[in-house]
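Spelled out, the chains give:
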Amino acid sequence: SPCRSSMGCLAGLRVASLLLVAAWAALADEGMGKEEKPRDDPAVYENLDLDNYDLSLDNYGDMVDLSNYEELYDYSDLVPKIEVGTLAPPSKAQEAPPDPGTTAETLELQPLSPSGHSGPLEPVAAGGPLGCRHCLCLGTSAYCDDAGLERVPPLPPHTAYLYARFNRIAHLRAEDFAGLTQLKRIDLTSNSISRADADAFRLLPRLQELLLPGNRLTALPELPRSIVRLDARLNSIPSAGLRPDAFRDLTQLQFLHLSDNELDLVPAPLPQSLRSLHLQNNNIRSLQEDTFCDSWEHGHVRRALEDIRLDGNPINLSLFPNAYSCLPRLPTGRFH
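Residues numbered from 1 in each chain as written. Predicted model: local features only at pLDDT ≥ 70, side-chain atom pairs only at ≥ 80, totals over all residues. Heavy atoms only, no water.

**Some remarks on the state of the cysteines**
In the structure shown here, the tally under the stated rule is 3 disulfides. Across a sulfur-sulfur distance of 2.0 Å, Cys-135 and Cys-144 are joined as a disulfide pair. Classification of the bridge connecting Cys-135 and Cys-144 rests on its S-S torsion, roughly 105 degrees, and on that basis the disulfide is right-handed. In this model Cys-293 forms its disulfide with Cys-326; the gap between the sulfur atoms is 2.0 Å. The S-S bond linking Cys-293 to Cys-326 shows a torsion near -90 degrees; that makes this disulfide left-handed. Placement of the pair is Cys-293 in the loop between strand 14 (276-278) and strand 15 (307-309) and Cys-326 in the segment after strand 15, with a sequence separation of 33 residues. Residue Cys-293 is classed as buried on the basis of its relative accessible area of 7%. Among the residues examined, Cys-326 registers a relative accessible area of 5% and is labelled buried. (Disulfide = S-S within 2.5 Å. Helix = DSSP H or I, 4+ residues; strand = E, 2+ residues; numbered from the N terminus. Buried < 20%, exposed > 50% of the residue type's maximum accessible area, 1.4 Å probe, protein only.)

**Remarks on empty space enclosed by the protein**
One water molecule sets the probe size; rolling that probe over the atoms shows where empty space is left. According to the stated counting rule, one finds 2 cavities of 30 Å³ or more in the structure shown. Considered as a void within the structure, the largest cavity measures approximately 40 Å³ in volume. Per-class residue counts for the lining of the largest cavity are 6 nonpolar, no polar and 1 charged. (1 Å grid on protein atoms, 1.4 Å probe; cavity = no way out; pocket = protein on both sides within 12 Å on 5 of 7 lines; lining within 4 Å. Points joined across faces, edges and corners; volume = space filled by probe spheres on them. Nonpolar A, V, L, I, M, F, W, Y, C, P; charged D, E, K, R; others polar.)

**Topic: the packing of aromatic side chains**
Under the counting rule described, the total for this entry stands at 3 aromatic pairs. Taking 5.4 Å as the distance between ring centres and 5 degrees as the angle between the ring planes, the aromatic pair formed by Tyr-143 and Tyr-163 counts as stacked. With a gap of 20 residues between them, Tyr-143 in strand 6 (residues 141-143) and Tyr-163 in strand 7 (residues 161-163) connect regions that are remote in the sequence. Owing to a relative accessible area of 38%, Tyr-143 belongs among the partly exposed residues under this scheme. Here the aromatic rings of Phe-177 and Phe-201 are separated by 5.5 Å at their centres, their planes lie at 35 degrees, and the arrangement is tilted. One end of the pair, Phe-177, is in the loop between strand 8 (171-172) and strand 9 (185-187); the other, Phe-201, is in the loop between strand 10 (195-196) and strand 11 (209-211), and 24 residues separate them in sequence. As far as the burial class goes, Phe-177 and Phe-201 line up, both buried. (Phe/Tyr/Trp six-rings, centres within 6.5 Å; stacked < 30°, edge-to-face > 60°.)

**Digging into the sheet that holds strand 12 (residues 229-231)**
Ordered by their spatial adjacency, 9 strands build an open sheet running 5-6-7-9-11-12-13-14-15, and the pairing between neighbours is mixed. Since the sheet does not close on itself, it has two edges, and those belong to strand 5 (136-138) and strand 15, each with one partner. Across the sheet, the mean angle from the axis of one strand to that of its neighbour is 5 degrees, orientation sign disregarded. (Pairing = 2+ DSSP bridges. Axes fitted to C-alpha atoms, helices over the stretch in contact; angles between N-to-C directions.)

**Some details on the nonpolar core**
Core analysis: the biggest nonpolar cluster contains 57 residues, and Leu-162, Ile-186, Phe-247, Leu-277 and Phe-292 have the highest contact counts within it. Excluding its chain neighbours within four sequence positions, the residues that come into contact with Leu-162 are Ala-142, Cys-144, Val-152, Leu-155, Phe-177, Leu-183, Arg-185, Ile-186 and Asp-187. (Core = buried A, V, L, I, M, F, W, Y, C linked by side-chain atoms within 4.5 Å. Contact = heavy atoms within 4.5 Å.)

**A few points about a negative patch on the surface**
Together, Glu-289, Asp-290, Asp-294 and Glu-297 line one region of the surface with negative charge. Here Asp-290 shows up in the loop between strand 14 and strand 15. Overall, Asp-290 belongs to the partly exposed group, its relative accessible area being 49%. (Patch = residues over 30% accessible without salt bridge, like charges linked within 9 Å, V, L, I, M, F, W, Y side chains within 5 Å. Areas by Shrake-Rupley, 256 points an atom, 1.4 Å probe, with all protein chains shown as cover. Salt bridge = Lys/Arg side-chain N within 4 Å of Asp/Glu carboxyl O. Lys, Arg positive; Asp, Glu negative; His and termini not counted. Charge placed at Lys NZ, Arg CZ, Asp CG, Glu CD.)

**Comments concerning the environment of Asp-176**
Take Asp-176: it is sitting in the loop between strand 8 and strand 9. Each residue touching Asp-176, except ones within four places of it in the same chain, is listed here: Arg-151, Val-152 and His-171. At 2.7 Å, the side chain of Asp-176 forms a polar contact with the side chain of Arg-151. A polar contact of 2.8 Å, which involves the side chain of Asp-176, links it to the backbone nitrogen of Arg-173. (Polar contact = N/O pair within 3.5 Å; in protein donor to acceptor, adjacent residues only side chain to side chain.)

**Quick look at the environment of Ala-142**
Along the chain, the position of Ala-142 falls in strand 6. Assessed through its relative accessible area of 0%, Ala-142 is described here as buried. Distance in space between the C-alpha atoms of Ala-142 and Tyr-161 is 6.2 Å, their sequence separation being 19 residues. Setting aside residues no more than four positions away along its own chain, Ala-142 makes contact with Leu-136, Cys-137, Leu-155, Thr-159, Tyr-161, Leu-162 and Tyr-163.

**Notes on the side chain of Asn-261**
You can see Asn-261 is positioned in the loop between strand 13 (255-257) and strand 14. Take Asn-261: its relative accessible area is 8%, and that puts it in the buried class. A distance of 3.1 Å separates a polar side-chain atom of Asn-261 from the backbone oxygen of Leu-258.

**Details of a nonpolar patch on the surface**
A surface patch of nonpolar side chains, about 240 Å² in accessible area, is lined by Leu-136, Leu-138 and Tyr-143. Assignment of secondary structure puts Leu-138 in strand 5.

No statement about biological role is implied by the geometric values presented.
Shown next as structure tokens:
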């Protein structure tokens, strides 16, 4: 029927247009369902509202809950920084109180003195402090160099390495090393030692290195069979200052250095283990045929002993060829 007014006609046309658009959209959706899905077009996302995903440092904490991702860590357990020249921090084992059954030999060195001041480590035993007051004791080593000492100081019972060089020690007593059964090296270079008790070192079952150069010794005490290296250079030891057969039973001895003394004989017999013998700058004038070799076994070669120094002695080695015929190398010295 004809429109009754212009406004009514316009309203009718709008309704009809909407119906046509809806019908077309339905047909289009049905056709698209049968076709392959088109690839994503970047232009499709240009009009998306991304305001809710715009994260910044200001609102990051509001948008994301970080409480589930935090790793709890107690930084107080970290080892404190160690400055050069300071002692290492105590371990937890050292901080713990000692077990009632702990003996003096098993006690660890403490990083602080009983007064609380940092300084040389002092072991604590049931009978009180054991010393190490004049040394720096670290682990199993005691450093007592150039400390003005006039005798060997008291040391922790587990000391294995003693360095007491450049002091004024004059006498080595047997009690100086009593109970120090772990000692492996004693270095007393450049002291004023003129006397050593006969048992000063004999009762040290693990002693391997004994260094006594630059002293005033006129005799050597008895040595333990564990000794590997003996250095007594620059003393005043004559042949009479060595016990008879002093080195024969030292089956571990490899380095025997007695240069710059007052020896007039090579201290034979020498153990088969010996590798280096330094006797330069003494007063040795002659050799025996069995000084280095076995005079009864002519085919034997003493291969271990390949370093013999006899230079600086008033001996002509060419006069005693049978004395070193078993050696792999000729001794160093004068042959004319």
